[in-house]
Amino acid sequence: MASLKTVLYLGVCLSAWIITYADEKVPKAENVRWVSVDFKTVLHWTTDPSDYKYTVHYASNEGEWRETLNCIQMSLTECDLSSDVKMNSTYNVKIQTEPAIEYDDYSDDLEEYPRSYSPPFNPFRETNISAVKFTVAVVDESRVNVTITDPLSGIHEGKKQLSLRDILKSELKYKISYYKFGSTGKRDFISNSSTAEVSQLDAGQSYCFMVAAFIPTRPKITQQGAWSAQWCTPGDEPNLGAWVGAVVILLTVLVIIILVTVLCCKCCRQKDPSQSSTPV
Ligand SMILES: *[C@@H]1O[C@H](CO)[C@@H](O)[C@H](O)[C@H]1NC(C)=O
């Protein structure tokens, strides 16, 4: 009799547990992924809509979990970690689902709630580098100066927004690619600094330049940033002169043709017998 009671009791417990579990599916952060450009680093995830909150912790090089600055008990499914993950180390992130209510005994309660982990991420190796801005100034017939603006990063130090140069220092180089307008051969070279002189250009020719950040200390696939827009120097004036000349010649020919046609018609009309027979 006692054993039957036990079985019944167990059954009731089990069904209660199943009902509770089915009713209250605690959501978990899924598809956790990093999106990072110029050290502006945001963690994204997806989840089923619910009243649950998420708290994000991070750890560098498998160290202790640390609380993030901005992502505690939040309902959003993204977390800006730019100010947390800014050293040259590999970071892991933990997203903990938490009940919406306030509670005191933090660590004990949370064991029952699900958590997810991000793939490891190192901003120094993996942040994407956006297209840079630059100008080209003609020095003389065969030389130009390329001046590149170091892009700003997503990291602030006090009030100052750091540039990529502030962060990467001498590791930041630029790839400069150029070609003579109208030809297919491209030349590339790497500049260590944000200004570079390009020499041995053919006098009087138009050249087009493009620039991309280049970080040779990174793995191959992330070494190069996005290509900038193209900047072309003007060629020599003879080109323009030739165009103007061609247009002038074309116009002249056109005028001559019209004149000749008109004159011919006049001649023909004068020779017309019906007109010449008119009495004077
Ligand atoms: C960098 O850009 C590539 C190509 O757009 C993208 O697939 C990758 O996820 C980006 N990486 C980060 C960390 O944002």
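Keep in mind the model is a prediction, meaning the values are calculated, not measured.

**Q** Help me understand the site of the ligand, please; the structure alone is not making it clear to me.
**A** Around the ligand sit Trp-34, Val-35, Ser-36, Phe-121, Glu-126 and Asn-128, and that is every residue in its neighbourhood. With respect to the ligand, the backbone of Ser-36 contributes an N or O atom lying 2.8 Å from an oxygen atom. Between the ligand and Asn-128, the relevant distance is 2.3 Å, taken from an oxygen atom to a side-chain nitrogen or oxygen of the residue. A total of 360 Å² of accessible area belongs to the ligand in isolation, and the protein chains cover 41% of it. The dominant element in the shell around the ligand, judged by the number of residues it contributes, is strand E1 (residues 30-37), at 3 residues.

**Q** I would appreciate a short explanation of the sheet that holds strand E14 (residues 195-198) in the present structure.
**A** Strands pair in a sheet through their backbones, by hydrogen bonds, and they do so in one of two ways: parallel or antiparallel. Sheet architecture is open: 3 strands sit in the order E8-E9-E14, paired in antiparallel fashion. Where the open sheet ends on each side, the last strands, each with one partner, are strand E8 (133-140) and E14. On average, each strand axis in the sheet is tilted by 20° relative to the strand beside it, whichever way the strands run. Here strand E9 (residues 143-149) runs beside E14; their pairing, made up of 4 bridges, is antiparallel. Each residue of the ladder has a partner; that of Asn-145, found in E14, is Glu-197.

**Q** Help me understand the sheet that holds strand E7 (residues 115-117), please; the structure alone is not making it clear to me.
**A** Taken in spatial order, the 4 strands of this open sheet run E4-E3-E6-E7, and their pairing is antiparallel. Taken across any chain shown, the strands that pair with only one partner, and hence form the sheet edges, are strand E4 (66-67) and E7. Where strand E3 (residues 53-60) and E4 come together, 2 bridges link them in antiparallel fashion. Bridging across to E4, Tyr-58 finds its partner in Arg-66.

**Q** I would appreciate a short explanation of the pairing of strand E15 (residues 207-214) in the present structure.
**A** Note on strand geometry: in a regular strand, side chains alternate between the two faces of the sheet. Summarising burial for E15: 8 of the 8 residues are buried, a large majority. Covered by surrounding structure in E15 are Tyr-207, Phe-209, Val-211 and Ala-213 together with Cys-208, Met-210, Ala-212 and Phe-214, the residues of both alternating faces. In this sheet, E15 lies alongside strand E12 (residues 173-180) in antiparallel orientation, the contact comprising 8 bridges. Looking across to E15, one finds that Tyr-179 is bridged to Cys-208. Pairing geometry for E15 and strand E16 (residues 231-232), over 2 bridges, is antiparallel. For Phe-209, the partnering residue across the bridge sits in E16 and is Trp-231.

Cut-offs used in this document
Residues numbered from 1 in each chain as written. Predicted model: local features only at pLDDT ≥ 70, side-chain atom pairs only at ≥ 80, totals over all residues. Heavy atoms only, no water. Near = heavy atom within 4 Å. Polar contact = N/O pair within 3.5 Å; in protein donor to acceptor, adjacent residues only side chain to side chain. Areas by Shrake-Rupley, 256 points an atom, 1.4 Å probe, with all protein chains shown as cover. Helix = DSSP H or I, 4+ residues; strand = E, 2+ residues; numbered from the N terminus. Pairing = 2+ DSSP bridges. Axes fitted to C-alpha atoms, helices over the stretch in contact; angles between N-to-C directions. Buried < 20%, exposed > 50% of the residue type's maximum accessible area, 1.4 Å probe, protein only.

Any functional reading would require information beyond the geometric quantities listed.
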